[in-house]
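Residues per chain, in single letters:
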Amino acid sequence: MLPIDPDIQSQLQKEADLELGRRAFLGSFIYPLCFIAILMVSPFEKDHPFFSILFGILILILSVSRLVWTVFRRQIYAYNKQLWKNICFLIIIAIAITWGMFCGTIFAWYGIHLVSFLAILMTASISVGSFTTLCTHLGLLRMFLVLIMTPTALVGLFLGNAYAYALSFFGVIAYIFLTIQGRIHYRVYWDSIMDNALLKIRQEELKAAKQAAESANRAKSEFLATISHEIRTPLTAILGMSDALWNAPIDAPQRDYVRIIRSAGAALLGLINDILDLSKVEAGYLVLEKVDFNLRELVEKSTEMMAVRAHEKGLELILDIDPDVKLNAVGDPYRLRQVLLNLLGNAIKFTEQGEVILRVQNIREIGQEGQNRVRFSISDTGIGIDPMKKDMIFESFTQGDSSTTRRYGGTGLGLTISKKLVELMGGSMQVQSVVGRGSTVSFVLQIPVQLELEPAYDLTGAGLGPVKILIVDDNLEHGRVLKKILTSWELDVTEVSSGRKGLEELRTAKESGQPFQILLVDSVMPDMDGFKMIEQGKQEDQLQSTQIILMIPSHTRNNDLVRARELGIEVCLVKPVAQTALLEAIQKVKGAESP
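The structure contained in this document is the topic of the report that follows. Fair warning: this is a prediction, and the values are worked out from it, not measured in the lab. (Residues numbered from 1 in each chain as written. Predicted model: local features only at pLDDT ≥ 70, side-chain atom pairs only at ≥ 80, totals over all residues. Heavy atoms only, no water.)

## Focus on the packing of aromatic side chains
And then number 1: Per the stated rule, a full pass over the model turns up 11 aromatic pairs.
And then number 2: Each ring, one from Phe44 and one from Phe102, has its centre 5.7 Å from the other, and the planes form 85 degrees; the classification is edge-to-face. Placement of the pair is Phe44 in helix H3 (residues 44-47) and Phe102 in helix H6 (residues 81-110), with a sequence separation of 58 residues.
And then number 3: Looking at Phe102, the relative accessible area reads 0%, which means it is buried.
And then number 4: With centroids separated by 5.4 Å and ring planes inclined at 40 degrees, the aromatic side chains of Trp69 and Trp84 adopt a geometry described as tilted. Remark: Trp84 occurs in helix H6 and Trp69 occurs in helix H4 (residues 49-71); sequence separation between them is 15 residues.
And then number 5: Exposure remark for Trp69: the relative accessible area of 1% places this residue in the buried category.
And then number 6: Grouped by ring-pair contacts, the aromatic residues Tyr31, Phe35, Phe44, Phe50, Phe51, Phe55, Trp99, Phe102 and Trp109 constitute a single cluster.
And then number 7: Sitting over the face of the ring of Phe516, Lys468 holds its NZ or CZ atom 4.8 Å from the ring centroid. (Phe/Tyr/Trp six-rings, centres within 6.5 Å; stacked < 30°, edge-to-face > 60°. Helix = DSSP H or I, 4+ residues; strand = E, 2+ residues; numbered from the N terminus. Buried < 20%, exposed > 50% of the residue type's maximum accessible area, 1.4 Å probe, protein only. Lys NZ or Arg CZ within 6 Å of the ring centre and 35° of its normal.)

## So, the pairing of strand S8 (residues 468-472)
And then number 1: The buried fraction of S8 is high, at five of five residues.
And then number 2: Judged by which residues are buried, S8 turns out to be covered on both faces: Lys468, Leu470 and Val472 on one side and Ile469 and Ile471 on the other are all buried.
And then number 3: The sheet contact formed by S8 and strand S9 (residues 492-496) spans five bridges and is parallel. Residue pairing across strands places Val472 opposite Val496, the latter belonging to S9.
And then number 4: A crossover connection joins S8 to the parallel S9 through helix H15 (residues 476-488); in handedness this β-α-β unit is right-handed.
And then number 5: Inspection of the sheet shows S8 paired to strand S10 (residues 518-522) by four bridges, in the parallel sense. From the neighbouring strand, Leu470 faces S10, where its bridge partner is Leu519. (Pairing = 2+ DSSP bridges. Right-handed = clockwise from strand over helix to strand, strands pointing away.)

## Some remarks on helix H11 (residues 295-312)
And then number 1: Compared with an ideal rise of 1.5 Å per residue, which puts 18 residues at 26 Å, H11 spans 27 Å between its outermost C-alpha atoms and is within 8% of the ideal.
And then number 2: Taking the largest bend as the criterion, H11 deviates by roughly 40 degrees, centred on Met306.
And then number 3: All of the buried residues along H11 are Leu295, Arg296, Leu298, Val299, Glu300, Ser302, Thr303, Met306, Ala307, Ala310 and His311.
And then number 4: Backbone nitrogen of Arg296 and a side-chain oxygen of the N-cap are separated by 3.2 Å at the start of H11; the cap is Asn294.
And then number 5: Two residues or fewer after H11 comes Gly314, characterised by a positive phi angle close to 75 degrees. (Expected span 1.5 Å × (residues − 1). Bend = angle between axes of the 7 residues up to and from the residue. Polar contact = N/O pair within 3.5 Å; in protein donor to acceptor, adjacent residues only side chain to side chain.)

## With respect to helix H16 (residues 499-511)
Residue pairs spaced three or four apart in an α-helix point in one direction, given the helix's 3.6 residues per turn.
And then number 1: The terminal C-alpha atoms of H16, which comprises 13 residues, lie 18 Å apart, in line with the 18 Å expected from a rise of 1.5 Å per residue.
And then number 2: The set of residues buried in H16 consists of Gly499, Gly502, Leu503, Leu506 and Ala509. Projected onto a plane normal to the axis of H16, the buried residues spread over an arc of 130 degrees and lie on a single side.
And then number 3: Lining the buried residues of H16 we find S8, S9 and helix H17 (530-539). (Arc of directions from axis to C-beta. Contact = heavy atoms within 4.5 Å.)

## Considering the nonpolar core
And then number 1: Judged by nonpolar contacts, the single largest core of 44 residues is most densely connected at Ile38, Trp69, Trp99, Phe102, Ile106 and Phe144.
And then number 2: When contributions to this core are tallied by element, the ones reaching two or more residues are helix H1 (6-23), helix H2 (27-41), H4, helix H5 (73-79), H6, helix H7 (114-133), helix H8 (138-159) and helix H9 (162-246).
And then number 3: Residue contributions to this core peak at 13 residues, all from H6.
And then number 4: Not counting chain neighbours up to four residues away, the residues in contact with Phe144 comprise Tyr31, Ile92, Ile95, Ala96, Ile126, Ser130 and Leu134.
And then number 5: Membership of the second largest hydrophobic core comes to 42 residues, among which are Leu317, Val356, Leu415 and Ile417. (Core = buried A, V, L, I, M, F, W, Y, C linked by side-chain atoms within 4.5 Å.)

## Things to note about unusual backbone geometry
And then number 1: Lys575 connects to Pro576 through a cis peptide bond whose omega is 0 degrees.
And then number 2: Structurally, the position occupied by Pro576 is in the loop between strand S12 (571-574) and helix H19 (579-589).
And then number 3: Notably, Glu490 is not glycine yet its phi reads approximately 65 degrees, a positive angle.
And then number 4: Following the sequence through the fold, Glu490 ends up in the loop between H15 and S9.
And then number 5: Residue Glu490 is classed as exposed on the basis of its relative accessible area of 70%.
And then number 6: Within the chain, Asp527 stands out as a residue other than glycine whose phi angle is a positive 70 degrees.
And then number 7: Mapped onto the fold, Asp527 is located in the loop between S10 and H17.
And then number 8: By relative accessible area, which is 60% here, Asp527 ends up exposed.

## Side note on the sheet that holds S10
And then number 1: One open sheet holds the five strands; their spatial order is S9-S8-S10-S11-S12, and the pairing between them is parallel. Of all the strands in the sheet, the pair left with one neighbour each is S9 and S12. Geometrically, the sheet is characterised by an average inter-axis angle of 20 degrees between neighbouring strands, direction not taken into account.
And then number 2: Sheet strands in contact with H15 are S8, S9, S10 and strand S11 (547-552), and its direction is about 175 degrees off that of S9.
And then number 3: Packing of helix H18 (residues 557-566) onto the sheet brings it into contact with S11 and S12, and relative to S11 it is tilted by some 160 degrees. (Axes fitted to C-alpha atoms, helices over the stretch in contact; angles between N-to-C directions.)

## Section: a nonpolar patch on the surface
And then number 1: A surface patch of nonpolar side chains, about 830 Å² in accessible area, is lined by Phe25, Leu26, Phe29, Leu33, Leu60, Val64, Val68, Val71 and Phe72.
And then number 2: For the nonpolar patch, the secondary-structure elements that each account for two or more residues are H2 and H4.
And then number 3: The leading source of residues in the nonpolar patch is H4, at four residues.
And then number 4: By the element assignment, Phe29 lies in helix H2.
And then number 5: Using a relative accessible area of 38% as the deciding quantity, one classes Phe29 as partly exposed. (Patch = residues over 30% accessible without salt bridge, like charges linked within 9 Å, V, L, I, M, F, W, Y side chains within 5 Å. Areas by Shrake-Rupley, 256 points an atom, 1.4 Å probe, with all protein chains shown as cover. Salt bridge = Lys/Arg side-chain N within 4 Å of Asp/Glu carboxyl O.)

## Regarding the packing of helix H12 (residues 333-349) against helix H14 (residues 413-424)
And then number 1: Contact pair H12 / H14: the axes reach a minimum separation of 9 Å and the direction vectors enclose 145 degrees. In the crossing of H12 with H14, the sense of the turn from one axis to the other is left-handed. Together, Arg335, Gln338, Val339, Asn342, Leu343 and Asn346 of H12 and Gly414, Leu415, Ile417, Ser418, Leu421 and Val422 of H14 make up the contact between the two elements.
And then number 2: Here the contact of H12 with H14 is composed, by residue class, of six nonpolar, five polar and one charged. (Left-handed = near helix turned anticlockwise from the far one by under 90°. Nonpolar A, V, L, I, M, F, W, Y, C, P; charged D, E, K, R; others polar.)

## Some points on the sheet that holds strand S4 (residues 355-362)
Hydrogen bonds between backbone atoms are what pair the strands of a sheet, whose relative direction is either parallel or antiparallel.
And then number 1: Read from one edge of the open sheet, five strands run S2-S4-S5-S7-S6, paired in mixed fashion. Looking along the sheet, the strands with just one partner apiece sit at the ends: strand S2 (316-321) and strand S6 (429-434). Neighbour-to-neighbour, the strand axes of this sheet turn through a mean angle of 15 degrees, independent of strand direction.
And then number 2: Two strands pair when backbone bridges link them, and strand S5 (residues 371-380) and strand S7 (residues 438-448) are joined in this way by nine bridges, in the antiparallel orientation.

Here it is, written out as structure tokens:
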């Protein structure tokens, strides 16, 4: 047996002793049954009535004693372990001697006879069964086999004929074989209970380690929450003073220094906020609010906040909200906005070209009265995620690849916090990705709504009347979203993907006598941008009866507004285009009263 703690070894020995008693239970019935069977098929009872009664009484007493010992094994063991062992030894040895003498006596009286073979066969069967019962105690097994088989073997030698010698020889071979098998069973049994004991020890160690880790994690989270708060207070003051200095009259080198301080300070403050939120979640201190808020407004403001970062990288940031998503929601708008900003920021960070799309969809088939079951999904055309590393990206301070951290920066906390916040709000986060083609991160939330409240905005497009409108946008996805919105307002919409195609549509419509009433055009397009298209359209007199709405990126907003006014364009929309802003713009160019 393997070396192990003495207390545990003692416990294992107790289990082995009690297991021996459990296995010996059925054997209490075997000996009387075998004895009765021999009496029924042989003349032994008639030929030797005294010995029949003697052996019958002995076997009955020993079998009943064995039965009582096995039934009350736990009580006897608990009362006195040594008494239990003495009873065990005496009963098993006594019954081995009794049955061995019984079998040997039959062999001696009847010689090579059917009765002898029957008795020997039963003895062999009992011997085979014994190494299963007694394998927990190898020494007891060996002694049992010697005592039950020796009388028959000695009688065979005493009879002195070839058949008897053969039986004795096979008896010796059977003893050797059973002893070897018993030793194998002994090792298997003890290896098994040792493995179970070590497994239990390991489980206890793991349980203790888990409790210690959880305690340490709580202590860490409490420490992080405290220290982050203490750091954030002076850092906020530093940022406030740097903002004041930024607005003061300073020269160019000093302004550059202040810019670096503000940028580094803002990055540090963002990191501290992430750590503080993560520690609050892990420590169980984060409590979600339940307040009324407008879901569409929250989503639109979130994309608006990320627009500059996206447009500076030349990305299209697209907002796609289903028209049947209920607006008057109840929940924690701050935490929902935090999740959306984290996911949008992450998508923008890992996308070099193309677009980032935030979709908000109502899941109608599962929705309940008073509930708004909404799927939020953020898709990008970025670098994608290796399928083997999807789960890793949700771990704290982890990104899909160490080279990713070096190239794109960041701590890896954004997705971790977002996932935990979504789970706190009753949802779950999923990731779908193809390496080199982009990713989609989505989650579904069951958001209560205030059914009795009137919507904050009327976005049905009622009162617009028949309007023929032309969309010119090189980004097909953005154009599709705009067309879906305008079509839901029952407007006559035509969509093209370039400035030159837009001019062709304007010419065709004018020549047909049904010119477009509104031109919705993107200012940034390859080959011919929105400004050039408008200039050429005015030169060719294609826009005489057409009102223009220009869509401009947020990072060049000021310059584009000046340029738009020079072209006589009064209405501009900053991308990503919100439905409310789009409706107001159409109403304005039509001369309708704004809501």
